[in-house]
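An overview of the molecular structure
Residue-level listing of the chains:
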Amino acid sequence: MSTGLSEQELLRRDSLKQLRELGIDPYPAEAYEINANAADILANYEKDKTAYKTISLAGRIMGRNIMGAASFAELQDATGRIQIYLKRDELCPDEDKTLYNTVFKKLLDIGDFIGIKGYVFTTQTGEISIHVTQFTVLSKSLRPLPIVKRDDDGNVYDGFTNPELRYRMRYVDLTVNPDYKQIFINRSKVINTMRNYFDSQGWMEVETPILQAVHGGAAARPFETHHNTLDMPLFLRIANELYLKRLIVAGFDGVYEFGKMFRNEGMDRTHNPEFTSMEIYVAYKDYIWMMGMVEECLEKIATTIHGQPVVKVGQHEINFAGPYEKLTMYESIEKYTGIDVSAMTETEIAGKCKELGIEIDDSMGRGKLIDELFSEKVEANLIQPTYITDYPLEMTPLAKKHRSKEDLVERFELFVMGKEIGNAYSELNDPIDQKERFEEQLKLAARGDDEAMAMDDDFVRALEYGMPPTSGLGIGIDRLVMLMTNQSTIQEVLFFPQMRAEKKAKVTTDQDFVDAGVAADWVQVIRKMGFNTVEELKAGNPNKVFNDLGGMRKKLKLELAMPTKDEVTAWFS
């Protein structure tokens, strides 16, 4: 039967077996006590050498230089890499040298986890290292890690750089490319800085349902599922807005939530179907107040990560210190297209979109047409933080009507580097107006707009009990992290971005090789040479395969009759 394993994987499983035969558990259950880490040692040893006389550290072997009775290795923990030094006669003071000669030199591999005890010293070349007096096998790695080579200047060669593999196997990516960890450390700082700022204002973090009977709070296509016990359809939330506003009705003055949202839409460099959003609602405030709060919060985040409010993003230096530029939706379209849509009808705006080559369809109402025009012709120009304010009524079913401008609502979106990262309203709290807005959305849905909002009768009922004047804000955490870490794709700031289903390699049996002409006795040798499928074998070079077979026969000390060159060539026909 085919194992489908490479030569390296087979060798590691054999090492695993030998460790167990020696009485060593390659996956011990006991806790391993740690009192030091690589980064701390490298940063502070020269300042206080007496503090590192007895240290215990654990990590993954990332390199080895075996030199007979003594060896060097590189150990990587969560904080970085450090060199370790092992001397046979100190590890094995008695006659039995198995721990060093067999276990360390032959049965351990790059990628294995070990725990070490010892003391820190400086080598003759000046490198801070750990002199190991004891080591423990903590986990045997059965797959070889990609070998990423770095020169003395830190340049990387043969790196694990394929995005498809990096995103799918993030556990390998962050092991061999540890520099990428800083992105996720900074992601945590973004969220924690925001959370600490909100908490300092007295606003409360809450949780709201992910499974919702009515999808609302945004214009987006939902994922739909079915609850068997209740026998009813449910939707993964596209937003948590309507539930958070119910809590304002309930008497909380400020609530916020960091949560996953799900939208059944396209995927690109700035969109993932599952994403993280922060939404906050504060009673007795409006969207003008919210602008000041956003500027203060984002400046704090930038300063926490970079020590200043100016952040380099691509070729631009983005200044997150306020105040930010403000343009109304109509002003921005006129500024970048020369078109004044403020008094145009739906038909006139559709005509302008067609003139500009913007793709539209009959399901789009006036608000959706304006949004398409803005998206295609304005967004890319908004590099520095810019508020786009005062949206048409048709575009925003949940925002309060503008206090002084007819047919507009009190809303802003924050754009940076051509992308929207924040959306805020003076929240609509008139239940009669809200119900009429939902009914208009139903009409759009009837025209084929699959992003139109559904009627939420319970939310209208909540408003009928009274909601105080409120300002609400949503910020896309993933896009904000992209900006703060200078990343151009959303996949780089998500530990596990959504991927297409992985293509499984075809399983090839030993009989498949035999059917292709390979003698049964040689099938396992072919597999040890790295050919796991007949297709891989046929893609090889017959002459090289013939020569390598001879080498493997000698290496494995096989007492098999060597196939002729013609017989090997026939495998490829």
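Chains are numbered independently. Their residues run from 1 in the order of the written sequence. Side-chain atom pairs in this predicted model are given and counted only at pLDDT of 80 or more, local residue features only at pLDDT of at least 70, and totals for whole chains, interfaces and linings cover all residues. Processing note: side-chain calculations cover all non-hydrogen atoms of the structure and skip hydrogens and water entirely.

1. Some remarks on the overall build of the protein chain
Starting at the N terminus, helices and strands are each numbered in turn, a helix being any DSSP run of H or I of at least four residues and a strand any DSSP run of E of at least two. The helix and strand inventory of the protein chain stands at 20 helices and 20 strands. As a reference, a globule follows 2.2 Å times the number of residues to the power 0.38, and the radius of gyration itself is taken over C-alpha atoms. At 31 Å, the protein chain has a C-alpha radius of gyration far larger than the 25 Å of a compact globule built from 573 residues. Judged by the C-alpha coordinates and their principal axes, the protein chain covers about 90 × 70 × 55 Å. Residue exposure (1.4 Å probe, protein chains only): buried if accessible area is under 20% of the type maximum, exposed if over 50%, otherwise partly exposed. Here the protein chain, with 573 residues, has 46% of them falling under the buried criterion. Per-residue and other accessible areas were derived by the Shrake-Rupley procedure at a 1.4 Å probe size, with only the shown protein chains allowed to occlude residues. If you sum the accessible surface of the protein chain, you get close to 28,900 Å²; carbon and sulfur atoms cover 50% of it. Just so you know, the count uses Lys and Arg for positive and Asp and Glu for negative, and it drops His and the chain ends. In this description, the location of a charge corresponds to atom NZ of lysine, CZ of arginine, CG of aspartate or CD of glutamate. Charged side chains of the protein chain number 69 positive and 91 negative; the gap between the two group centres comes to 7 Å.

2. Quick notes on the pattern of salt bridges
A pair can form between side chains of opposite charge whenever their charged atoms are brought close. The term salt bridge refers to a pairing of a side-chain nitrogen on Lys or Arg with a carboxyl oxygen on Asp or Glu at a separation within 4 Å. Counting across every chain of the model gives 34 salt bridges. Of the charged contacts, one joins Lys97 and Asp89 as a salt bridge, the two residues approaching to 3.2 Å between their closest N and O atoms. In this structure, a network of salt bridges that share partners links the residues Arg166, Arg170, Asp173 and Glu492.

3. What to know about a negative patch on the surface
To count toward a patch, a residue needs a relative accessible area above 30% and no salt bridge. Like charges then connect within 9 Å, nonpolar side chains (Val, Leu, Ile, Met, Phe, Trp, Tyr) within 5 Å. Together, Glu359, Asp361, Asp362 and Glu376 make up a region of like negative charge exposed at the surface. Considering the arrangement of structural elements, one finds Glu359 in the loop between α11 (346–355) and α12 (366–377). For Glu359, a relative accessible area of 72% puts it in the exposed group.

4. Looking at helix α4 (residues 98–107)
Here α4 has its buried residues at Tyr100, Val103, Phe104 and Leu107. All buried residues of α4 project into a common sector of 150° when viewed along the axis, lining one side. Buried positions along α4 lie against α1 (7–21), β1 (55–67), β2 (70–77), β3 (80–87), α3 (88–91) and β5 (128–139). The directions from the helix axis to the C-beta atoms form the arc being described. Any pair of residues with heavy atoms lying within 4.5 Å of one another is described as a contacting pair.

5. Points about the packing of aromatic side chains
Two descriptors summarise a pair of aromatic rings, namely the distance from one centre to the other and the angle between the planes of the rings. Only rings of Phe, Tyr and Trp enter the pairing, Trp through its six-membered ring, and a pair is recorded when the two centres are within 6.5 Å. The plane angle decides the type: under 30 degrees is stacked, over 60 is edge-to-face, the rest tilted. Here the structure, examined in full by the defined rule, presents 15 aromatic pairs. On the numbers, 6.1 Å between centres and 70° between planes, the contact of Tyr45 with Tyr52 is edge-to-face. According to the relative accessible area criterion, Tyr52 is buried, its value standing at 9%. Each member of the aromatic cluster is reached from another via a ring pair, and the members are Tyr197, Phe198, Trp203, Tyr256, Phe258 and Trp289. Note on criteria: charge over ring means Lys NZ or Arg CZ within 6 Å of the ring centre, with the direction from the centre no more than 35 degrees off the ring normal. Positioned over the ring face of Tyr32 is Lys117, at 4.8 Å from the centre of the ring.

6. Structural notes on the sheet that holds strand β17 (residues 386–392)
Strand order in the open sheet formed by 8 strands is β8-β12-β13-β20-β19-β18-β17-β16, with mixed pairing between adjacent strands. Of all the strands in the sheet, the pair left with one neighbour each is β8 (204–205) and β16 (325–328). Summarising the sheet, strand β12 (residues 254–262) and strand β13 (residues 274–283) pair through 9 bridges and their orientation is antiparallel. Across the sheet, the residue bridging to Gly254 is Val282, located in β13. Most of the contacts of helix α7 (residues 181–200) go to β12, to which it runs at about 155°, and overall it touches β8, β12, β13 and β20 (470–476). In the packing of helix α8 (residues 241–249) onto the sheet, contacts are made with β12, β13, β19 (419–426) and β20, and the angle to β13 comes to roughly 25°. In this analysis, strands are considered paired if DSSP registers two or more bridges between them. Convention adopted: a line fitted to C-alpha atoms gives each axis, helices being fitted over their contacting stretch, and angles between N-to-C directions are expressed from 0 to 180 degrees.

7. Let's talk about the packing of α7 against helix α9 (residues 287–306)
Between α7 and α9, the shortest axis-to-axis distance is 9 Å and the interhelical angle comes to 140°. When the axes of α7 and α9 are compared, the pair comes out oblique. As for the relative orientation of α7 and α9, their crossing is right-handed in sense. Residues Asn186, Lys189, Val190, Thr193, Met194, Tyr197 and Phe198 of α7 pack against Met293, Glu296, Cys297, Lys300, Ile301, Thr304 and Ile305 of α9. Considering only residue class, the contact of α7 with α9 consists of 8 nonpolar, 3 polar and 3 charged. Orientation labels follow simple angle bins: below 35 degrees gives roughly parallel, above 145 gives roughly antiparallel, 65 to 115 gives roughly perpendicular, and whatever is left gives oblique. Handedness of each helix crossing follows the sense of rotation of the near helix against the far helix: counterclockwise by less than a right angle gives left-handed, clockwise gives right-handed. For this classification, the nonpolar set comprises Ala, Val, Leu, Ile, Met, Phe, Trp, Tyr, Cys and Pro, the charged set comprises Asp, Glu, Lys and Arg, and every other residue, Gly included, is treated as polar.

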